[in-house]
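Structural overview
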Amino acid sequence: MAEPAVALEPTSAVADAREQRVFVASQWQLMWWRFRKHKVAVASGLIVIAFYAGVLGADFLAYADPDASEAQRSLMPPQRVYWFDGWRFSPYVYAVKGARDPQTFKRVYRADPSQKIAIRFFAEGFEYRVFGLIATTRHLIGVDRGLDAGETVFLLGTDVQGRDLWSRLMYGTRISLTIGLFGVTVSLVLGVVLGGLSGFYGGVADTVIQRTIEILRSIPTIPLWMGLAAALPRDWSVLQVYFAITIIISLLGWTDLARVVRGRFLAMREEDFVVSARLVGCSQMRTIFVHMVPSFMSHIIAATTLALPAMIISETALSFLGLGLRPPAISWGVLLQQAQNVQTVAISPWLMIPAVPVIIAVMAFNFLGDGLRDAADPYGR
Amino acid sequence: MLAYIGRRAILAIFTVWAISVLAFAIIQLPPGDYVTSYIAQMASMGSVVSDEEAQNLRIQYGLGQPMYVQYLKWMRLIVRGNFGMSMEWRRPVTEVIGERLWLTVVVSVAALILTWVLGLPIGIYSAVRQYSVGDYLATFVGFIGLAVPNFLLALVLLYLGFVMFNAHIGGLFSPELQDAPWSAARVWDLLQHLPIPAVILGLAGTAQQIRIMRANLLDELRKPYVVTARSKGLSEARVVLKYPVRVALNPFASTIGYTLPYIVSGSIIVSVVLGLPTVGPLLLKALIAQDMFLAGTIVLLLGVMTVIGTLISDILLVWIDPRIRLEET
């Protein structure tokens, strides 16, 4: 450090200490500091974390069995929740009575103000297993013993078959977000391996892989996905279809990741530290995985985050068309399938609610990915 | 320049080949072969396919022979313009697709033009008036456009149109002109119905173009030559439009290569939601009914059209951008 600067101002000593901290900080620390400044990205990160917490705790957040259908409560509108009983915080809803309109033959529902149903927190409900292991009946919300939440509480209304939309949405979130995660993992493996081969070896491998990417990118994806998804055997189980859809979506989704990885490899191949690693006799595997990959890990993470929304939209679109996941599986797309018909939606607009988490999740992933990408770029402004 | 176009053309041919293999795979994937399902279909309609006829069909499509032979026979039929029979409609596939393919092209091109016509000026405005209200508004609309899947947007607009105006905003023609022969009135009707699907399809692309244009132009505007131009006393419009916009336009033009597949892709699902008479709803119906020749043909034709569109845009790009021309010679 220059001498006069220290002598001049006491504040420069502080700046000096800060600079010292920057010099010794690890790459991840630098990234974190830069990321923290991007407020929208941090908020999006929290939203994404909340979404995945919801994925883990879907059974806990749901209060009704998502598959319990009942014609008697078909297409109920969302219920109004009263938060205060007098001045006391004690949320309750009114019991709902359904009847058939003698003129239109539609079911109409009327709240019955004489019958208050208190909403309890951490109440007991249907049985499920935490992480598939521990059996429990606790749910975030529920009703008093002796009543069934599935028959009395309808926070977001019900669908045509009378299934509770809130509870279905919780389970749908689980499937839609994990399918995106698995899809992106498959794409990541393909992208890193092929992009790595392409960037590290160059030559013929590079040309072939790059041309393949260009070809894949110039094919309209949705018709192709539709064709492949429609060809899945009808008698496959939910789980088989789930994995098949994941693979179909990721087969075309790896190209962006491969491009990022290739670009990094090309930029790094001639760097001093890589050359010296090779000169001291590191094996090729060691050069790649110990020296090169860690230095662009952050870029891969950012690219992966940016690839996720496309996966989520693809799954939603396919299931919406009836070619992706099929009932009894529940995903955002499967839920939105009920909103395909305008007449239905005009009468029961709450069927469009599953579009809200799709949009929020896609936005959050985009902002988070942007923030991560900026933070990962050492030359960014 | 010729070398460049030649390379792009060869790549386009490979792409068409890859698409044809995938389309063939889509036709082959469902269990059973074409003839058995054809016979079953005819039987359900009450007519009988004679053994001789079935045998002829088997020979025509090379069923029972190795996959590549079947593929080659299929290709040969296609080159002659014979795309097979649609099971569901019991008519040749070409007849079923008919004008729907051209309407798909019309809708896609309209959306593409819209992304340019809107994306360009808004992007320039956003960069020149950085951090103004208009810039924030454009950025906000841009993010919405990127985050909302277009079929959801279609659904919401359809719902709003229904609830607020009690009108069905879908479709490409008024009911009375739906099946009418082409006339000036029908073209005019089509043009009136076109904006809504074009906006829905083009919004995501427009948002992307705005972002690219804004970022590129901001980079350019900071360069010394812009300061020089301004210090020489050129008018602000000239300072911005003469060089920076032209330079910023270049990467912008090259994105057309993947904007087009994206729009064509989106047009399928948006058409299903809005009930447009394009190949979209037809493809969905064909896939659900396992009418594989129809489905495979639609996938093939869509892919080929996209490749041709991309090739044309590539050639235009070379024509616009002298740097590519020089690089390749």
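Because the structure is predicted, anything quoted here is derived from the model rather than measured. Each chain carries its own residue numbering, running from 1 in the written order of its sequence. Think of it this way: whatever chain is written first is A, whatever ligand is written first is 1, and the rest follow in order. For a predicted model such as this one, the threshold for reporting local features is a pLDDT of at least 70, and the threshold for listing and counting side-chain atom pairs is 80 or more; totals across whole chains, interfaces and linings nevertheless cover every residue.

As for the sheet that holds strand β3 (residues 107-118) of chain A
All names here are of chain A. Pairing within the open sheet is antiparallel, and its three strands lie in the order β1-β2-β3. Both outer strands of the open sheet, β1 (82-85) and β3, are each paired with one neighbouring strand and no more. Strand-to-strand twist across the sheet, computed as the mean angle between neighbouring axes with direction ignored, equals 45 degrees. Any two strands are treated as partners once DSSP identifies two or more bridges connecting them. Helical segments are the DSSP runs of H or I of at least four residues, strand segments are the runs of E of at least two, and each set is numbered from the N terminus. Each axis is a line fitted through C-alpha atoms, taken for helices only over the stretch in contact, and angles between the N-to-C directions span 0 to 180 degrees.

Brief notes about unusual backbone geometry
Residue and element names in this part refer to chain B. A positive phi angle, near 65 degrees, is found at tyrosine 131, a position not held by glycine. Relative to the helices and strands, tyrosine 131 resides in the loop between α6 (100-128) and α7 (133-147). Among the residues examined, tyrosine 131 registers 9 C-beta atoms within 10 Å and is labelled exposed. Residue burial here comes from a neighbour count, namely the number of other C-beta atoms, placed from the backbone, that lie within 10 Å of the residue's own C-beta, with 20 or more meaning buried, 12 or fewer meaning exposed, and in between meaning partly exposed.

Examining the interface of chain A and chain B
By the convention adopted here, residues make contact when the C-beta atoms placed from their backbones lie within 7 Å. On the side of chain B, 41 residues touch chain A, which itself brings 35 residues to the contact. Broken down by secondary-structure element, the contributors of at least two residues to the side of chain A that touches chain B are α8 (203-217), α9 (221-230), α13 (284-321), α15 (342-347) and α16 (355-376) of chain A. Sorting elements by how many residues they give to the side of chain A that touches chain B places α9(A) first, with eight residues. Ten residues, namely Ala, Val, Leu, Ile, Met, Phe, Trp, Tyr, Cys and Pro, are considered nonpolar, four, namely Asp, Glu, Lys and Arg, are considered charged, and the remaining ones, Gly among them, are considered polar. Classifying every residue of the side of chain A that touches chain B by side-chain character gives 26 nonpolar, six polar and three charged.

Observations regarding the packing of helix α10 (residues 238-253) of chain A against α13(A)
Residues and elements named next belong to chain A. Orientation of α10 relative to α13, taken along the N-to-C sense of each, is 130 degrees, at an axis distance of 10 Å. The angle between α10 and α13 places the two elements in the oblique class. Between α10 and α13 lies a crossing of right-handed hand. Contacts between α10 and α13 involve Ile245, Ile249 and Gly253 from the first element and Ala307, Ala310, Met311, Ser314, Glu315 and Leu318 from the second. Among the residues making up the contact of α10 with α13, the classes are represented as six nonpolar, two polar and one charged. If an angle is under 35 degrees, it is roughly parallel; if it is over 145, roughly antiparallel; if it lies from 65 to 115, roughly perpendicular; otherwise it is oblique. Handedness of a helix crossing follows the sense of rotation of the near helix relative to the far helix, less than a right angle counterclockwise being left-handed and clockwise being right-handed.

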